[in-house]
Amino acid sequence: QVQLVESGGGLVQAGGSLRLSCAASGRTFSSYAMGWFRQAPGKEREFVAAISRSGGSTYYADSVKGRFTISRDNAKNTVYLQMNSLKPEDTAVYYCAADRVVVTTTSKLWGQGTQVTVSS
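So, a few notes on the structure that sits alongside this text. Just so we're clear, the structure is a prediction, and the values are computed from it rather than from any experiment. (Residues numbered from 1 in each chain as written. Predicted model: local features only at pLDDT ≥ 70, side-chain atom pairs only at ≥ 80, totals over all residues. Heavy atoms only, no water.)

## Observations concerning the overall build of the protein
Here is the rule: Under the DSSP-based scheme used, a helix requires at least four consecutive residues in state H or I and a strand at least two consecutive residues in state E, with every element numbered from the N terminus. It is over C-alpha atoms that the radius of gyration is taken, and the globule rule equals 2.2 Å times the number of residues to the power 0.38. In this scheme, a residue with accessible area under 20% of its type's maximum is buried, one over 50% is exposed, and one in between is partly exposed, where area comes from a 1.4 Å probe on protein chains only. Note on contacts: a residue pair is in contact if any heavy atoms of the two residues lie within 4.5 Å. In short, Shrake-Rupley with a 1.4 Å probe defines the accessible areas, and a residue's cover is counted only from the protein chains shown.
Within the protein one finds zero helices and eleven strands. Counted from the first residue to the last, the protein has its helices and strands arranged as β-β-β-β-β-β-β-β-β-β-β. On C-alpha atoms alone, the protein measures out to a radius of gyration of 13 Å, which is about the 14 Å that the 2.2 N^0.38 rule sets for 120 residues. The C-alpha extent of the protein, read off along each of the three principal axes, is 40 × 25 × 25 Å. Looking at the 120 residues of the protein, the share that counts as buried comes to 43%. When contacts within the protein are restricted to residue pairs at least 6 apart in sequence, those whose partners lie at least 24 apart make up 56%. For the protein, the computed accessible surface area is about 6,200 Å², with 47% contributed by carbon and sulfur atoms.

Structure, rendered in structure tokens:
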């Protein structure tokens, strides 16, 4: 079973960029599909992006398509979320998740989250 640790959050002005990282422990990282989710205050956790085990397939929420890019480096046991053209509505705690097939909000493996705040 993997353990996940996110980093890279912070405060950025609207239009700026951040890159989030999620480091996984264990030797089975490449066996897991990975995803990023976010939760703003008072809102449900929502899907942001996902990537297949090999990295060959990626999926995005409509709200971030064209601005965010998910990628993974299986040699480094790390998944990334490059966030460009950030908007105040992107402000949330961002979580990475892992699952054997498809990551969803009901997946069992989660990191502790990293705060992203976008000022207007």
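## Examining the sheet that holds strand S3 (residues 18-24)
Put simply, the rule is: Pairing between strands is defined by DSSP: at least two bridges between them are needed. To get an axis, a line is fitted to the C-alpha atoms, and for a helix only the part in contact is used. The angle between two axes follows their N-to-C directions and goes from 0 to 180 degrees.
If you walk across this open sheet you meet the four strands as S1-S3-S8-S7, and the pairing is antiparallel. Because the sheet does not close on itself, it has two edges, and the strands there are strand S1 (4-7) and strand S7 (68-73). Within the sheet, the average angular offset between the axes of one strand and its neighbour, ignoring direction, is 15 degrees.

## Here's the deal with the side chain of Thr78
For clarity, the cut-off: Residues adjacent in sequence count toward polar contacts only when both atoms are side-chain atoms; beyond that, a polar contact is any pair of N or O atoms within 3.5 Å, and within protein one must be able to donate a hydrogen and the other to accept it.
Following the sequence through the fold, Thr78 ends up in strand S8 (residues 78-83). There is a polar contact of 2.8 Å between the side chain of Thr78 and the backbone oxygen of Lys76. Those residues in contact with Thr78 that sit more than four places away from it in its chain are Ser21, Cys22, Ala23, Phe29, Ser71, Arg72 and Asp73.

## Topic: the packing of aromatic side chains
Convention followed: Any Phe, Tyr or Trp ring, taking Trp's six-membered ring, that has another such ring centre within 6.5 Å forms a pair; planes under 30 degrees apart are called stacked, those over 60 apart edge-to-face, and the others tilted. We count a charge as sitting over a ring when the NZ of a lysine or the CZ of an arginine lies within 6 Å of the ring centre and within 35 degrees of the ring normal.
Here the structure, examined in full by the defined rule, presents three aromatic pairs. Each ring, one from Phe37 and one from Phe47, has its centre 5.7 Å from the other, and the planes form 75 degrees; the classification is edge-to-face. Residue Phe37 is found in strand S4 (residues 33-39), and its partner Phe47 is found in strand S5 (residues 46-51); the two are separated by ten residues along the sequence. Given a relative accessible area of 1%, Phe37 falls into the buried group. For the ring pair Tyr95 and Trp110, a centre distance of 6.4 Å and an interplane angle of 85 degrees mean the geometry is edge-to-face. Here Tyr95, found in strand S9 (residues 92-99), pairs with Trp110, found in strand S10 (residues 109-110); they are 15 residues apart in sequence, far enough to count as distant. If you follow Arg45 out to its NZ or CZ, it ends over the ring of Tyr95, 3.8 Å from the centre. It is Arg72 that lies over the ring of Phe29; its NZ or CZ is 4.5 Å from the centre.

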